[in-house]
Amino acid sequence: MSDRRDDDEALGWAGDDDPTLSPEGLPAREADAEQPTRLTDGLAAPAASTASTVPARPTVLDEAEDAEDRAAERELADAETAGAQLSSAALIGLGVLGGIYLLYTIGWIVSFSRYQTPITVDFSVVTYRIAQSLAVAASPLWFVSTLLLTQRRDARYRFLWLVIGVLVLVPWPFLMGF
Amino acid sequence: MTDAAGAGRASTLQQEKPAKRGFSTFGRSGWAIAVLFAFLYAYHLWGGLANLVGVVSTFSSFGVEMGGSVWTLVIAYAAVPIVVYAAALLVGRTLRNGERAVVFVVGFAVVSVISLGILAIA
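Residues numbered from 1 in each chain as written. Chains lettered and ligands numbered in written order. Predicted model: local features only at pLDDT ≥ 70, side-chain atom pairs only at ≥ 80, totals over all residues. Heavy atoms only, no water.

### A word on the nonpolar core
To be explicit about the condition: For this analysis, a nonpolar core means a set of buried residues of the types Ala, Val, Leu, Ile, Met, Phe, Trp, Tyr and Cys, connected via side-chain atoms within 4.5 Å. Exposure categories follow from relative accessible area, calculated using a 1.4 Å probe and restricted to protein chains: below 20% of the type maximum is buried, above 50% is exposed, and the middle band is partly exposed. Runs of E in the DSSP output that reach at least two residues are strands. Runs of H or I that reach at least four are helices, and both are numbered from the N terminus. In what follows, residue pairs with any heavy atoms lying within 4.5 Å of each other are defined as contacts.
Within the largest apolar cluster, 20 residues are counted, with the highest numbers of intra-cluster contacts made by Y101(A), W108(A), W142(A), L162(A), L169(A) and V113(B). Of all elements in the fold, only α5 (88-114), α6 (123-149) and α7 (155-168) of chain A together with α4 (97-121) of chain B reach the threshold of two or more residues within this core. Per-element accounting of this core gives the leading share, six residues, to α6(A). If we skip the residues at most four places from it in the chain, L169(A) touches Y101(A), Y104(A), W108(A), A138(A), S139(A), W142(A), V110(B) and V113(B). Counting residues in each nonpolar core, the second largest holds 19 residues, with Y77(B), V84(B), F104(B) and I118(B) among its members.

Rendered as structure tokens:
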């Protein structure tokens, strides 16, 4: 398994996101070359007195470039979150939770099979069996749909909902001996 | 780089927030799904109410006063479908229609889980 930090380093230079730098070398040099002419420009006269000490004020073009950069960075961040691999801790956590859900399912199945059909089968027996069948299905359903629905979201939500499921789906009938 | 990416992620989270409020995202089909599952959940509710009536009549036929814990359990048993349905509706706010249906299906099974849990404890 490759180190995530190394991957990030391979994709960028240190100080890449320094706001005083343009994303590419060439536009930055052009901007430097433009500066003297901008200082002597009559339109920039009010700023000219301070411009010698302060770096050039952001022009509309710079702002547009910055906005583009931010949009690109946001897209990159979204793509990273979408395609991020699970860390090994998250993977182990998922495995443990999956094991708990499996045990819960087995507990519900045992509770289902312990049931002894009474001699007179009426409608309440049928509804009870339906409820038991649904209870057997509940744990795997919760697990799978949590993974499905939190796919595009932060891993925290996935674990939050899985932990809620562990609290809700406890097979009480099995634990109480029914 | 990573800082900027983190900031970008935070800003997207900020942007998504307002869309998550309220039930305005449901639309016609979303509410249709909600109503459909309301009928399904009514099956559980009907079972809970039948249990409530049955227990009350059984106690009265034996002339025994119902204790507070019995009332609590019987009412909780009847209320479980309503509570779970409301929870599923709330969870579905942030989701798409298909995902809402999945949540309702899971909730339908969870009603049975909680009901059987109450029966086991009672």
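What follows continues from the structure just given.
### Regarding the packing of α6(A) against α7(A)
Residue and element names in this part refer to chain A. Rule in force here: Each axis is a line fitted through C-alpha atoms, taken for helices only over the stretch in contact, and angles between the N-to-C directions span 0 to 180 degrees. In this scheme, roughly parallel covers angles under 35 degrees and roughly antiparallel covers those over 145, while 65 to 115 is roughly perpendicular and the rest are oblique. Crossing chirality is assigned from the near helix's rotation relative to the far helix, an anticlockwise turn below a right angle marking it left-handed and a clockwise turn marking it right-handed. Three residue categories are used. Nonpolar comprises Ala, Val, Leu, Ile, Met, Phe, Trp, Tyr, Cys and Pro, charged comprises Asp, Glu, Lys and Arg, and polar comprises the others, including Gly.
Across the interface, α6 lies against α7 with an axial gap of 9 Å and an inter-helix angle of 165°. Our classification of the angle between α6 and α7 gives roughly antiparallel. Considering only the axes of α6 and α7, their crossing is right-handed. Counting all contacts with α6, which are made through W142, F143, T146 and L147, the residues of α7 involved are R158, W161, L162, I164, G165 and V168. Split into classes, the residues belonging to the contact of α6 with α7 amount to seven nonpolar, two polar and one charged.

### Looking at the interface of chain A and chain B
Condition: Accessible area, probed at 1.4 Å, shrinks when two parts are joined; the buried area is that loss added up over both. When a carboxyl oxygen of Asp or Glu lies within 4 Å of a side-chain nitrogen of Lys or Arg, that pair is called a salt bridge. Whenever a nitrogen or oxygen atom comes within 3.5 Å of another N or O atom, the pair is scored as a polar contact, on the condition that within protein one atom can donate a hydrogen and the other can accept it, and that pairs from neighbouring residues in sequence are kept only if both atoms are in side chains.
Listed by partner, the interface residues are 32 residues for chain A and 33 residues for chain B. With both sides pooled, the region where chain A packs onto chain B buries about 2800 Å², and carbon together with sulfur makes up 73% of that total. Joining chain A to chain B, the criterion identifies one salt bridge. Between E99(B) and R152(A) there is a salt bridge; the shortest N-O distance is 3.4 Å. Run the count over chain A and chain B and you get two residue pairs in polar contact (both at pLDDT 80 or more). Taken together, the elements giving at least two residues each to the side of chain A that touches chain B come down to α4 (60-83), α6, α7 and α8 (172-175) of chain A. A total of 13 residues in the side of chain A that touches chain B trace back to one element, the largest contributor, which is α6(A). Here the side of chain A that touches chain B is built from residues that sort into 20 nonpolar, four polar and eight charged.

### Digging into the pattern of salt bridges
Summed over all chains, the structure comprises three salt bridges over all chains. Three or more residues are tied together by salt bridges with common partners; here these are R152(A), R96(B) and E99(B).

### Here's the deal with helix α2 (residues 27-61) of chain B
Because each turn of an α-helix spans 3.6 residues, side chains separated by three or four positions end up pointing in the same direction. Keep this limit in mind: Here a helix's expected span is defined as the number of its residues, less one, multiplied by 1.5 Å. Bend at a given residue is defined as the angle between two axes, one fitted to the seven residues that end at that position and one fitted to the seven that begin there.
Here α2(B) spans 49 Å end to end across 35 residues, near enough to the 51 Å set by a 1.5 Å rise per residue. Along α2(B), the largest kink reaches about 25° and is centred on Y41(B). Taken residue by residue, α2(B) has G30(B), I33(B), A34(B), F37(B), Y41(B), H44(B), G48(B) and V55(B) as its buried positions. Next to the buried residues of α2(B) lie α6 of chain A together with α3 (68-92) and α4 of chain B. Count one or two residues on from α2(B) and you reach G63(B), which has phi positive near 70°.

### A closer look at the packing of α6(A) against α4(B)
It is at 7 Å that the axes of α6(A) and α4(B) come closest, and there the two elements cross at 135°. Classified by the interaxial angle, the pair formed by α6(A) and α4(B) is oblique. Handedness of the crossing formed by α6(A) with α4(B): left-handed. Contact residues: α6(A) offers Y128(A), A131(A), Q132(A), L134(A), A135(A), A138(A), L141(A), W142(A), S145(A) and L149(A), while α4(B) offers E99(B), V102(B), V103(B), V105(B), V106(B), F108(B), A109(B), V110(B), S112(B), V113(B), L116(B) and L119(B). When the residues that make up the contact of α6(A) with α4(B) are grouped by side-chain class, the tally is 18 nonpolar, three polar and one charged.

### Observations concerning the side chain of T146(A)
Residues and elements named next belong to chain A. Its place among the elements puts T146 in helix α6. T146 sits in the buried class, given a relative accessible area of 8%. Polar contacts involving the side chain of T146 include one to the main-chain carbonyl oxygen of W142, which spans 2.5 Å. Ignoring anything within four residues of it in the chain, the contact list for T146 reads R158, W161 and L162.

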